[in-house]
Amino acid sequence: MRHNASNLAVAPAPRETEQALPFYQPAAHEIALFEHAWRNQLPLLIKGPTGCGKTRFVSYMAQRLGRPLYTVACHDDLSAADLIGRHLIGDGATYWSDGPLTRAVREGGICYLDEVVEARKDTTVVLHPLSDDRRILPIERTGETLQAPPEFMLVVSYNPGYQNFLKSMKPSTRQRFVSLRFDFPAPAAEQEIVMAETGIDGPAAKRLVSLAQALRALREHDLEEVASTRLLVYAAKLIQGGFDPLEACRAALVEPLTDDEETAAALMEVVQTLFAR
Ligand SMILES: Nc1ncnc2c1ncn2[C@@H]1O[C@H](COP(=O)(O)OP(=O)(O)OP(=O)(O)O)[C@@H](O)[C@H]1O
Ligand SMILES: [Mg+2]
């Protein structure tokens with residue numbers, strides 16, 4: 001379908017509004033790397049386990065650089081049109097509606113594709129001309145080709161832990177990105193995060209971080225993932241709100257990790273040992 005100027009209207013795509021800089025505790029040189037990548041017009045791939053701060057980092061960087069942020073949670077039904085846009089019909093006219101990727105390109109914003117390995121390969125291929133030195137977004141349906149302004153940046157992330165062979169990224173996609181590996185913060189940094197996010201006191205935050213360390217060290221249990229910083233923040237919020245600490249740890253740090261009762265009991269033993277001190 002072709003559009004013409006007389007009935008063209010652009011429906012607004014959702015956009016994350018500008019707010020105060022969110023709290024972000026850096027781990028190493030990731031802020032500098034992001035800034036260098038942005039200044040050099042290089043796309044960035046962030047990989048790391050769930051709940052380790054990837055999304056927080058991207059929102060922090062978008063605010064810090066003063067760029068609008070468009071976040072897309074990828075899934076296997078996500079089509080190229082979901083990213084780029086589509087014609088919509090309303091009031092007897094056809095409207096072109098920009099998708100979040102197109103919006104970000106037009107505005108010189110940051111487009112963040114979360115869990116990018118979930119998207120079908122034919123969807124991720126639309127990223128190719130945008131993520132190499134051409135930096136163009138061809139919009140087949142309107143015949144337009146957008147040249148990304150210098151401020152535009154493409155950021156993708158995924159969790160390598162969930163990856164299986166079928167869901168890995170094509171090397172030709174992967175090799176278009178500068179890559180950054182995230183992991184759980186070092187204990188002192190994680191303690192700062194738990195305190196800043198919940199207002200819990202230092203000793204209580206320290207104890208929770210020690211607990212997370214102990215739980216993460218348990219290798220004999222066949223856990224898909226270990227306790228994340230996100231779950232530590234949840235536990236701290238429950239405790240800070242006056243909930244029993246042992247039960248808070250069960251609800252936030254044990255049950256989310258396993259459905260197996262024996263494994264949960266083994267994890268609770270670790271909790272009890274640490275909280276008995
Ligand atoms: N470096 C950090 N600075 C500040 N807060 C952090 C940091 N790392 C983790 N957090 C806390 O952990 C929570 C989860 O982080 P976030 O949502 O960024 O994880 P994620 O890596 O995007 O996880 P997922 O892969 O599941 O999307 C945040 O809401 C925040 O409270
Ligand atoms: Mg995330």
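In this text, all values refer to a predicted model and were calculated from it rather than measured experimentally.

Thresholds applied
- Residues numbered from 1 in each chain as written.
- Chains lettered and ligands numbered in written order.
- Predicted model: local features only at pLDDT ≥ 70, side-chain atom pairs only at ≥ 80, totals over all residues.
- Helix = DSSP H or I, 4+ residues; strand = E, 2+ residues; numbered from the N terminus.
- Buried ≥ 20, exposed ≤ 12 C-beta atoms within 10 Å, placed from the backbone.
- Arc of directions from axis to C-beta.
- Pairing = 2+ DSSP bridges.
- Near = placed C-beta within 6 Å.
- Nonpolar A, V, L, I, M, F, W, Y, C, P; charged D, E, K, R; others polar.
- Axes fitted to C-alpha atoms, helices over the stretch in contact; angles between N-to-C directions.
- Parallel < 35°, antiparallel > 145°, perpendicular 65-115°, else oblique.
- Left-handed = near helix turned anticlockwise from the far one by under 90°.
- Contact = placed C-beta atoms within 7 Å.
- pLDDT = per-residue confidence, 0-100.
- Core = buried A, V, L, I, M, F, W, Y, C linked by C-beta atoms within 7 Å.

A count of helical and extended segments in the protein chain gives 12 helices and 9 strands. Within the protein chain, the fraction of its 277 residues that count as buried is 35%.

To continue, consider helix α2 (residues 54-64). The complete set of buried residues in α2 reads Lys54, Phe57, Val58, Met61 and Ala62. Along α2, the residues classed as buried sweep out an arc of 130 degrees about the axis, all on the same side. Positive backbone phi, approximately 70 degrees, marks Gly66, located one or two places after α2.

Let's shift gears to the pairing of strand β1 (residues 44-47). Covered by surrounding structure in β1 are Leu44 and Ile46 together with Leu45 and Lys47, the residues of both alternating faces. Where β1 meets strand β8 (residues 153-158), 4 bridges bridge the pair, whose relative direction is parallel. Bridged to Ile46 within β8 is Ser157. Pairing analysis gives 4 bridges linking β1 to strand β9 (residues 178-181), with the strands arranged parallel. Following the sheet pairing, Leu44 is matched in β9 by Val178.

This part covers the site of ligand 1. In the vicinity of ligand 1 there are 18 residues, among which Thr50, Gly53, Lys54, Thr55 and Arg56 approach most closely. At the level of elements, α2, α8 (187-198) and α10 (229-240) are the ones that each hand at least two residues to the shell around ligand 1. Looking at the shell around ligand 1, its residues break down into 6 nonpolar, 8 polar and 4 charged.

Remark: α8 packs on α10, axes separated minimally by 9 Å, with the N-to-C direction vectors making an angle of 45 degrees. With respect to their mutual orientation, α8 and α10 come out oblique. Between α8 and α10 lies a crossing whose hand is right-handed. For the pair α8 and α10, contact is made by Glu190, Ile193, Val194, Glu197 and Thr198 and by Thr229, Leu232, Val233, Ala236, Lys237 and Gln240, respectively.

This paragraph deals with the environment of Arg176. With respect to the helices and strands, the residue Arg176 is situated in the loop between α7 (171-174) and β9. What Arg176 contacts, discounting residues up to four positions off in sequence, is Pro43, His128, Ser131 and Asp132.

All right, on to the sheet that holds strand β2 (residues 69-73) then. Spatial ordering of the open sheet is given by β2-β5-β8-β1-β9, a layout of 5 strands whose pairing is parallel. With one partner strand each, in any of the chains shown, β2 and β9 form the two edges of the open sheet. Direction aside, the axes of adjacent strands within the sheet are offset by 20 degrees on average.

All right, on to the environment of Pro160 then. If you trace the backbone, Pro160 turns up in the loop between β8 and α7. Of the residues examined, Pro160 has 11 C-beta atoms within 10 Å and is grouped as exposed. The spacing of Pro160 and Glu115 is 45 residues in sequence and 9.6 Å in space, taken between C-alpha atoms.

Let us look at the packing of α10 against helix α11 (residues 245-254). Packing of α10 against α11 brings their axes to within 9 Å, and their N-to-C directions diverge by 150 degrees. What the angle tells us is that α10 and α11 run roughly antiparallel. At the point where α10 passes α11, the crossing takes the right-handed sense. From α10, Leu231, Tyr234, Ala235, Leu238 and Ile239 reach across to α11, where they touch Pro245, Ala248, Cys249, Ala251, Ala252 and Leu253.

A residue-level look at the protein chain finds 90% of positions with pLDDT of 70 or above and a mean pLDDT of 89. Across residues 1-14 the pLDDT falls below 50, and counting only partners more than four positions away or on other chains, this stretch makes 23 contacts in the model.

Here we come to the nonpolar core. Of all hydrophobic cores here, the largest spans 40 residues; its most connected members are Ile110, Cys111, Tyr112 and Val155. Among the elements that make up this core, the one with the highest residue count is β8 (5 residues). The contacts of Cys111, once residues within four sequence positions are left out, are Tyr70, Pro100, Leu101, Ala104 and Leu154.

With that settled, consider unusual backbone geometry. Of note in this structure, Gln41 is not a glycine but carries a positive phi near 60 degrees. Looking at the secondary structure, you find Gln41 in the loop between α1 (30-39) and β1. On the neighbour-count criterion, Gln41 (15 C-beta atoms within 10 Å) is partly exposed.

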